[in-house]
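Working through the structure, step by step
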Amino acid sequence: MYDFPAYEARSSTAYDEDTGRPAHESHATPRFSYLLTSVLGSPFLTTSDLPEDADTAYAPSIPMDAMDTDEGADNELDMETVDGAFSSVPRSYTVTRPPSPTPSFRTETFSVVNWNPELYNLVLPHDGDGAPRCSMGFFPSGRRTVSGYPNAQWAQNGTPYPSPLKPSRSLTIGIGILPRIWDALREGSPAKKGRRRPGLPSWHDAGTDLEYHSDGLIDYANLQPLDGEEGELIDDEACFIDVRAVTGMDIVSLLPPELALELLSYLDVASILACLRVSKRWNRLARDNSIWRTLFSHKEKDGWRVDPRRANRRNSMSLSVSRAHLPAPLELNWYDLYCNRLELDRRWSNYPSAGLSADLSDDAIAEKEAPKAWEPHVTRISGHGDSVYCLEFDSSRIITGSRDRTIKVWSLKTGKCLATFAGHRGSVLCLKFDRDWDIVDDARSDDAMDVDDALAPRRGFLVSGSSDWSVCVWDIYAHPRQGQEPAITAEAKAVLRGHTGGVLDLRIDSRSIVSCSKDALIRVWDRETLQLRCTLRGHEGPVNAVGLQGNRIVSASGDGKMILWDIASGERLRTFEGHDRGLACIEFKEDLIVSGSNDCKIKVWDANTGTCMRTLVGHDFLVRALAFDPRSGRLVSGSYDKTVKVWDLHSGKLLREFRGCHVSHIFDVKFDHNRIVSTSHDRKIVVLDFSAGLDTSLFV
């Protein structure tokens, strides 16, 4: 900044003895040595641009209080105000500048030139530090801009003289807008006038017609509009600056990785996907294997589970297996597992909801219409010589029983028949076995098995019921083979006799074998000793199906009743009635019982209260078989109407329907997370595989 020299008020004109010039010329305004720039960026004329011999070059050096204010004299001189000094020059020496460009609010472009603290501090409140103040204390009443430079007499009596100076637009803009920016910085924004920023002074003057508040704040809403002079802003809002700083720090990136991962572990999958887009650091954290393992574990309540023991079967056919070789939890790719399981569930659903029904028969005509739900891959397996009444399957094998009196073992992967064994003298109506019996258990020794142990057969447990009134207990063996599926053999261990009619259904757990028969009886056998533990009586017709859960058994009979039994006491706990005709099938898991009947209905019951929670209607004939998973809420049913239906267990809504799988009555149906397997009077085994193209080998 440059300071104006101090001016002293004089009552008359005096002459300097040395120069012969008027005395006041000794106090002439210093000549500027370079061109100044206004706040709007337009160059303007300064005194340095006047000719050396101009008589008027020092004319403005007359003190302000001694200036002749006679209007006629002013007109004779035809003087023009020059920006940058208290001066007036002949109009012929001035240059008209072009219109100013759009104002800039970049604070570094503002210049307050020739600030004289001795002069202006007379009228401005200050703290005695000589620092300039952004104030409007010297503004003429009724104006928001400075019409000219104030004279000294304003400071003496507080009343401004009429100034002969023509308004300086550059200074008008500079001084007029700086206080408003200063106030905007102090207040933050006019919408928040009550929240003053501390440490910034207030500017006010009771002599103006502006509306002030007691705390020195200005009511911007009541300010008069600007007068539209060149270079001034018409839109008041453009003068306000909200200076709230956008600041912050990435706390997560500054944390140790362990803590950052712990924080992210509390987010859901949608939030984790959003984190992938925040930054590279967040992307790496959100892709961490532990995060996706946690997300996968959150879905366990929906039936999402993995069995790490199956990794060995998936990766190789190694004969040397032990706990030490099982993958650690974080060795699994949980991101891929999550994606595959999510896609698998999507395929089960009716997405994109273009139709519930799918015709999967070989001669079905392709329909050209809106996109339909994802259709499973269909595999049809043949080999039995008569109707296939029952089936069970695990992660690698299907075992079926037929009217041809044989039991067959099939490869789930290839559909190839791995073994056939016979022992019944009648149709094999039902069977059960321990699933995945050949997978090494974690409870075994930590030491790797030697080659001889690896080649040793792995024994499983199988029971079958027949129309010959007997229950046959089998030892079934899987013989490991390098690079191939294990060979399967079986031998009858015992035959359980006691029923006086065909054995229609079986259930097993770690302690018991439960059988039901046309003789209306339920028999409970000890699995270890194969001795009869108790016989349950109460039905008036054949017992077509039983369910086993802990110490309770539920039985479904052709008499239309269901009965809940206590194994330990042999007492009847509850009788369920609701179907209009005889019951054909039943499933009992956790505290839910699902029954299918000859009335074409499926009912869901609460085992504890006996209440029918909902009824599912959709089949046209007898519901012969059903299975459900309480975790995923998925229920699958098969009927004599030749259809397989998928239901939402919790809502009772029909999700999918598959027609054309079989050409005759469906006798049995089972499912897991990957597939539905059904058997029929047409001698076929049909596999509907939803996992095509997905790695689902670890899912259970």
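Just so we're clear, the structure is a prediction, and the values are computed from it rather than from any experiment.

Bringing the pattern of salt bridges into the picture now. All told, the structure shown has 22 salt bridges when counted by the stated rule. The salt bridge involving Arg346 is made with Glu343; its shortest N-O contact spans 2.8 Å. Taken together, the residues span about one helical turn, with Arg346 and Glu343 both in helix 11 (residues 334-348) at a distance of 3 residues. Between Asp345 and Arg634 there is a salt bridge, with the nearest N and O atoms lying 3.7 Å from each other. Placement of the pair is Asp345 in helix 11 and Arg634 in strand 26 (residues 634-639), with a sequence separation of 289 residues. Where salt bridges share partners, they join Glu392, Lys432, Arg435, Asp668 and Lys670 into one cluster.

Before going further, it helps to examine the packing of helix 9 (residues 289-297) against helix 11. Direction vectors running N to C along helix 9 and helix 11 enclose 35 degrees, while the axes themselves pass 8 Å from each other. For the crossing formed where helix 9 meets helix 11, the hand is left-handed. Within the contact between the two elements, helix 9 uses Asn289, Trp292, Arg293, Leu295 and Phe296 and helix 11 uses Trp334, Tyr335, Leu337, Tyr338 and Arg341. Classifying every residue of the contact of helix 9 with helix 11 gives 7 nonpolar, 1 polar and 2 charged.

Ordered by their spatial adjacency, 4 strands build an open sheet running 4-31-30-29, and the pairing between neighbours is antiparallel. Sheet topology places strand 4 (377-381) and strand 29 (666-671) at the edges, where each strand pairs with a single neighbour. Across the sheet, the mean angle from the axis of one strand to that of its neighbour is 15 degrees, orientation sign disregarded. Examined bridge by bridge, strand 29 and strand 30 (residues 675-680) share 5 bridges and lie antiparallel to one another.

Attention shifts here to the sheet that holds strand 11 (residues 471-481). Spatial ordering of the open sheet is given by 9-10-11-12, a layout of 4 strands whose pairing is antiparallel. The open sheet has two edge strands with one neighbour each: strand 9 (428-433) and strand 12 (484-496). Direction aside, neighbouring strands of the sheet carry axes that sit 25 degrees apart on average. Pairing analysis gives 10 bridges linking strand 11 to strand 12, with the strands arranged antiparallel. For His479, the partnering residue across the bridge sits in strand 12 and is Ala487.

Turning next to the packing of aromatic side chains. For any pair of aromatic rings, the description rests on two quantities: the centre-to-centre distance and the angle between the ring planes. With the rule as written, the count across this model stands at 15 aromatic pairs. With a centroid separation of 4.9 Å and 85 degrees between ring planes, the pair formed by Trp292 and Tyr335 is classed as edge-to-face. In this pair, Trp292 is assigned in helix 9 and Tyr335 in helix 11, connecting sequence segments 43 residues apart. For Tyr335, a relative accessible area of 33% corresponds to the partly exposed category. Considering the side-chain rings of Tyr640 and Phe667, the 6.1 Å spacing of their centres and the 80 degrees angle between planes classify their relative orientation as edge-to-face. Note that Tyr640 is positioned in the loop between strand 26 and strand 27 (644-648) and Phe667 in strand 29, a separation of 27 residues in sequence. Taking the relative accessible area as the measure of exposure, Phe667 reaches 8% and is therefore buried. For the cation-ring pair, Arg527 lies above Phe461, with the distance from its terminal atom to the ring centre recorded as 4.0 Å.

Quick notes on the rules
Residues numbered from 1 in each chain as written. Predicted model: local features only at pLDDT ≥ 70, side-chain atom pairs only at ≥ 80, totals over all residues. Heavy atoms only, no water. Salt bridge = Lys/Arg side-chain N within 4 Å of Asp/Glu carboxyl O. Helix = DSSP H or I, 4+ residues; strand = E, 2+ residues; numbered from the N terminus. Axes fitted to C-alpha atoms, helices over the stretch in contact; angles between N-to-C directions. Left-handed = near helix turned anticlockwise from the far one by under 90°. Contact = heavy atoms within 4.5 Å. Nonpolar A, V, L, I, M, F, W, Y, C, P; charged D, E, K, R; others polar. Pairing = 2+ DSSP bridges. Phe/Tyr/Trp six-rings, centres within 6.5 Å; stacked < 30°, edge-to-face > 60°. Buried < 20%, exposed > 50% of the residue type's maximum accessible area, 1.4 Å probe, protein only. Lys NZ or Arg CZ within 6 Å of the ring centre and 35° of its normal.

What is shown is where atoms sit, not what they do.
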